[in-house]
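Letter by letter, the chains look like this.
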Amino acid sequence: MANQKIGAVLVIGGGVAGIQASLDLADSGFKVYLADQAPSIGGVMAQLDKTFPTNDCSMCILSPKLVAAGRHPNITVLTNVEVAGLNGEAGSFEVKLRKLSRYIIEEKCNGCGICAQKCPIEAIDTFNEGLSNRSAIYVEYPQAVPLKYKIDREKCIGCGTCYEVCKAKAITYDQKDSEATLKVGSIILAPGFEVFDAKLKSEYGYGRYPNVVTSIEFERILSASGPYGGLVLRPSDGEIPKKIAFIQCVGSRDYQLGNNYCSAACCMYGMKEAVIAKEHTPPPLNAKIFFMDMRSYGKEFDAYYKRAQGEWGIQFVRSRVAGITEDPKTQNLFVHYVENETPKTEEFEMVVLSVGMQPPKNAEKLAESLGIKLNAYKFCETQAFSPTETSKPGVFVCGAFSGPKDIPESVAQASAAAAKAMEVIASERGTEVAVKEYPPERDVSLEEPRIGVFVCHCGINIGGVVNVPEVVEYARKLPNVVFAEANVYTCSEDTQKLIKEKIMENKLNRVIVASCTPRTHEPLFKETVQEAGLNPYLFEMTNIRDQCSWVHMHDAKEATEKAKDLVRSIVAKAKLLAPLKKPLINVTPVALVIGGGVSGITASLSLADQGFEVHLVEKEPELGGQLRNINYLLEKDSDPKEKLSSLVEAVTKNDKIRVYKNAEVVDVYGFVGNFKSKIKQKNGEEKEVEHGVVIVATGASEYKPSEYLYGKDPRVVTQHELEEKLASGTFEAKTVVMIQCVGARNDERPNCARICCGQAIKNALKIKETRSETEIYVLYKDMRAYGFKEDYYREAAIKGVIFVNYDDERKPQVKAENGKLLASFWEPVLNEQVEIEPDLVVLSAATVPNPDNKKLADMLKVPLTKDGFFLEAHMKLRPVDFATEGVFLCGMAHSPKYIDESIAQACATAARATTILSKKTLEMEGIVANVSEDLCSGCRICEYLCPYGAVEMKDKEGKTVAHVLEALCKGCGACGTACPTKAIIMGHFTTEEILAQVKAALVEVKI
Amino acid sequence: MSEKNGFEPKIIGFLCNWCSYAGADLAGVSRIQYPPNIRIIRVMCSGRIDPAFVLEAFKDGADGVLVAGCHLPSDCHYISGNFKALRRITLLKKALAEFGIEPERLRLEWISASEGDKFATVVRDMTEQIKKLGPNPFKEMEVKSQ
Amino acid sequence: MEKNEPKIACLMCDFVFCQEETHAPRNVKVARVSCIGRIDPVLILEMFEKGIEAVMLVGCKPPDCHYVDGNAQAELTVNILKKLMSLVNVEPERLKLLWHSPTAKKSFNRHLTEFSDKTRKLASLSPKNISADPDFLVNISAAKRVAADFRLRVLLGREKELTESVNVYGEKISFQEFDKLLGEIVQVEFIRQKIHVLTSVKPLSVKALAEKVELKPAVVLNHIVNMRRKNMIAIDHVDGTTPFYKALEVN
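As the structure is a prediction and not an experimental result, all values here were calculated from the model.

**With respect to the pairing of strand β39 (residues 735-742) of chain A**
Residues and elements named next belong to chain A.
Here is step 1: Across the eight residues that make up β39, a large majority, eight, are buried.
Here is step 2: Crossover connection from β39 via helix α18 (residues 756-770) to parallel strand β40 (residues 775-780): handedness right-handed.
Here is step 3: In this structure, β39 lies alongside strand β45 (residues 840-845), joined through five bridges in parallel fashion. Within β45, the residue paired with valine 737 across the bridge is valine 841.

**Describing the interface of chain B and chain A**
Here is step 1: Counting residues at the interface gives 51 residues for chain B and 55 residues for chain A.
Here is step 2: Note on chain B versus chain A: buried area summed over both sides is about 4800 Å², and carbon and sulfur give 58% of it.
Here is step 3: Summed over the three residues of chain B that lose the most area to chain A, namely Arg31(B), Arg39(B) and Arg48(B), the buried surface amounts to 15% of that side.
Here is step 4: If you look at where chain B meets chain A, you find five salt bridges.
Here is step 5: Summed over the shared surface of chain B and chain A, the result is 22 residue pairs in polar contact (both at pLDDT 80 or more).
Here is step 6: When contributions to the side of chain B that touches chain A are tallied by element, the ones reaching two or more residues are β1 (11-16), α1 (20-29), β2 (38-43), α2 (51-59) and α3 (81-96) of chain B.
Here is step 7: Considering every element that reaches the side of chain B that touches chain A, the biggest residue donor is α1(B), with eight residues.
Here is step 8: By residue class, the composition of the side of chain B that touches chain A is 28 nonpolar, ten polar and 13 charged.

**What to know about the interface of chain A and chain C**
As a measure of interface size, the accessible area lost when the parts come together is often cited.
Here is step 1: Each partner contributes residues to the interface: chain A has 38 residues there, and chain C has 36 residues.
Here is step 2: With both sides pooled, the region where chain A packs onto chain C buries about 3000 Å², and carbon together with sulfur makes up 56% of that total.
Here is step 3: It is Glu122(A), Ile157(A) and Glu239(A) that lose the most area in chain A upon contact with chain C, and together they represent 19% of the buried surface on that side.
Here is step 4: Across the contact surface, chain A and chain C share seven salt bridges.
Here is step 5: For Glu171(C), the salt bridge is made with Arg153(A), and the minimal N-O distance between the two is 2.4 Å.
Here is step 6: At the level of elements, β9 (133-135) and α4 (161-165) of chain A are the ones that each hand at least two residues to the side of chain A that touches chain C.
Here is step 7: Element by element, the count of residues in the side of chain A that touches chain C is highest for β9(A), at three residues.
Here is step 8: Its residues placed into classes, the side of chain A that touches chain C shows 19 nonpolar, ten polar and nine charged.

**Examining the pattern of salt bridges**
Here is step 1: Enumeration over the complete set of coordinates arrives at 98 salt bridges over all chains.
Here is step 2: The salt bridge involving Glu122(A) is made with Arg229(C); its shortest N-O contact spans 3.7 Å. Taken together, the residues span two chains, with Glu122(A) in strand β8 (residues 122-124) and Arg229(C) in helix α10 (residues 217-229).
Here is step 3: Glu649(A) is paired through a salt bridge with Lys653(A); the nearest N and O atoms lie 2.9 Å apart. With Glu649(A) and Lys653(A) both in helix α16 (residues 640-653) and four residues apart, this pair spans about one turn of that helix.
Here is step 4: Judged by its relative accessible area of 43%, Glu649(A) is partly exposed.
Here is step 5: Overlapping salt bridges bring together Arg253(A), Asp293(A), Arg295(A), Asp302(A), Arg318(A), Arg745(A), Asp782(A), Arg784(A) and Glu790(A) as one network.

Thresholds, definitions, all that
Residues numbered from 1 in each chain as written. Chains lettered and ligands numbered in written order. Predicted model: local features only at pLDDT ≥ 70, side-chain atom pairs only at ≥ 80, totals over all residues. Heavy atoms only, no water. Buried < 20%, exposed > 50% of the residue type's maximum accessible area, 1.4 Å probe, protein only. Helix = DSSP H or I, 4+ residues; strand = E, 2+ residues; numbered from the N terminus. Right-handed = clockwise from strand over helix to strand, strands pointing away. Pairing = 2+ DSSP bridges. Contact = heavy atoms within 4.5 Å. Buried area = accessible area lost by both parts, 1.4 Å probe. Salt bridge = Lys/Arg side-chain N within 4 Å of Asp/Glu carboxyl O. Polar contact = N/O pair within 3.5 Å; in protein donor to acceptor, adjacent residues only side chain to side chain. Nonpolar A, V, L, I, M, F, W, Y, C, P; charged D, E, K, R; others polar.

So this is what it looks like as structure tokens:
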């Protein structure tokens, strides 16, 4: 008998990918150990200023995830941890971990930071990329999770000051590295990447010229919380530059350096940095980007490129920069490059090097200790049809470790890896997680408000400025306050016990903590009051640290007065607090998957393998979608025809999956956990199915061009048609001209179709394989062979494929004259118009969205992009979710993509769906809107305003009234504010509560 | 108008939970000093802020009101609450003059979780500006009517 | 007192004072303190600021301190003070630490006279000269703040323990190593305090500061970054492409 499987997963790497994988697993009934080498999680994303293409603030969107991971009952965050060895097999591993010493007792450290303030030694701040210093005892950044300090042993001189100032007694100098063994069923690798060391590219002068910085340094420079406070300054003299050059592909696409691959994200982040730099620079900034190919291939990326050129006025120069020299006097930089075959030099005040991604430093060690294979570049090896599987069963990979990629793709892969990890141990779901039991809730509805106030000293963080005893005395005298006291650390374990005792002793029915920020600490205290039998919504918090002691350090009197005002204000609110119920909704553990291409099939199989029933609906008579048109892959690592048949067979054989071919979904009703849909089959028969989630995988198809004589001359074909010819052996041509971007990157379809560059290279190589004498011209705007595809681009060039760049001003032309097919194009190297006579013109046609998307979008109440693809909830961090809970998105329905990317997204939807399907009931947030039906006039303003479709109109005794679907409401309160008859009550933020809080903040009460 | 010299304005700040409140937290963590005149009211979303809250605050004697939310267009945790705030507060600013309140007393700002400095600057500027304007005219009217 | 006589202060530990009959020259003012190991370095710097030309500290010869380690502490204080004095262009030889021994009465008075003679040979630090050198006031007030800085005081307070015994990890730090570290910290703090003093008068740019502190602008910028982190300085305004910084009040 095989070893007993274990329902726990080890996630190695706590960047955004590792965090996402952990959250999906933990929300699906598995125990997660999230291990990182660093002292806190967050990875590189925490260092970024803004994110493309939405220019969202990186920390704003990341920090809720950090907090969620840090507080999740099923996630144990292990920091400063290295993997030392692995035993066992998929389902039952034993992992040996080495925990490096922090010299801090993590359980005791409250993160108050007094140690860092008093530490006499400064060290280089690596989080700010060396642009500033930090203390020898430190946290990486203010929002770090876990917020536990660490001693930099290299720098610490051992003076013992931190020990003396630490009120929590958390410092321990004799802590030794320790080893531990974890038992887990599967493992996910998400160790991320290193940035390329720009010093290796010595011709660019990084490290010698102070005004040459790397892109990651520039992210810190742009950040409002970075070294320069968000103002762009030259490191040499602190002046604001008026002219900045951005140099792309530094350490990428560089065969000589051994990094031939493309780092996939730099074109976009380079543009973003240029755009944000303009925003952050008061005088007009001249920003110029030197690039080889602009690889803005992602969803809506070309629209961003266009705005960068137009609206934001960034200049672009297609050239590889040869070198940089410095004017020693001004420390300005001369960028030497070649444009249109002419050597040029231009002076800049600052240069940013867009450095590429490298595998993590410890990649080889990690691979060795886990027994997994790496590819030639030392990234983790994966295959097109299994993008998240390593060479070792049970060990999965996501994020940049399997190849350079941007955040949304890392996040999608992370969820995908989570799904794969769950499949291995699906039978053990729920076995390793603790379900927390709370005592029965005390009914306080008939009691007078009895408020208890706990005021935190936070060591000396609050008490050192605010007169805490005075605040406590003041609180005691406020109306309805029956108990108040001060604590050294209100968040410590023993204070939790004390709070519970005081609730019992004093029959408290409202609890207030005056300490730090509710954003990090409210969940802890809510849990505490719940453990004492109080409804968690009878808790409130006010922040007298971040809003008083820390920001009015030199004015103890005012800080204390303000603290009193804040306490008085929150007491006034607390008096009105009402218990709220977290609505419970039942879940039908069934999925509806719309679309039976490779995405739909993959998602269905992943869910079925975990034991969930699936209805898979396909419009066509056959399953397979676009995969049926694919005969071979660029990567050559698998046979797509064979894969297709085995996938179709697996679906057909799986008794959990019900396949509907020639069928369409015609109606969807309900909400997360409780959908009802109608499937209309070929014979006109309609079937109603109940399901808990919807996965949209409706795919996309190749554009049928109207350009370049397509459809008029049989010698003009698309890439798909060429592939068919090559596969069937009917290809014959001496000269082939391929034209890229047909029907894409134009006014009608402004975005890139992503897969056509790869298709062109794939087909060109296939031709060269069998008929090496064939002349092939590829006319392109930008060759977007991102990631490892760059290798094939290079291979094609070496094998003699001629790549010729064109732009919109000089598009290629194709005509038929006297039976001859003629193609003419501008040859920028020769600087002249060339005309050739090809036997075949191949159009790399755009990918167009499924025409049915609009209908489906209306049915599901989800949005589409301008291009007609589905639009996800958040482009960066929720790539496969819709804003509507319980509805997910994958594959080409999202945007054009390669098979491995579709498969990753498909698995990702399975993981996201599992977070719902694995639960019998869903507990929703209690802070939701409620409609007072008597007051409702049925005006529908709220229905229109709600971004989540959570308001529906219903009939009540002949009157139309609004009704809030609690399952969908996120509690933003926008509807309540808009309601003209004030019929909507926002839980925990009622108008009365807010107004009482405002009034009490302004008006002294007589005591 | 010499009484204005010793005048310390009271400002109510309605801050959304996800960006602006986090920005105020960062000002705290970074120990950025600003005048102690603001009292922060946390709401989940700037889209929750009812113009009536602002008016009530003025009625209760606030000398200034700050409404702060996530940056436009897409930082909002609730997709579009910031746009709702933008419309409501812009309209309200226009209406304020009719109530006899200088529109400068009401400010709408977009402050992200990494803009601790910006939060502090806004509070500093606002405090200065309102000091120049003097106390909320409502308060004076009330005093007179008593 | 003669016109050109340099004003000299002599601080003497109580125990020495009781045993001595000093015959100090008229330009030397003798004051008693409980223990020279407890002398605040800021006080010494203030003396120079006020026109005292030289300072002599007299304490019990090790290991005879009444307060056990006062004399050792005095050595450390003098060490730091000399580092600071050279930074503010006050010759370190203007500060002298003398161990008193009751058996050598004569030599003590001779020491005083010698010290006074040596000081006379140095250029005067008199108020007249100070006003001719506006940098001096800035320098000395920066030095005073360094001497008052917590960070430095922590190190000073632990120097003996760390160099003579072991640190919290049980490692020994050599005196040379520690002294080097101390030197670096004193220098860094001095520059930052000087920037702080300068920018509290009026907002200044990195370039202007670089000229005043005679360092590369890049180094000054780095100091400003770290001063911002400690809320010692903030951007006041931007003029064209040049940000100007102003000092923030620190407690």
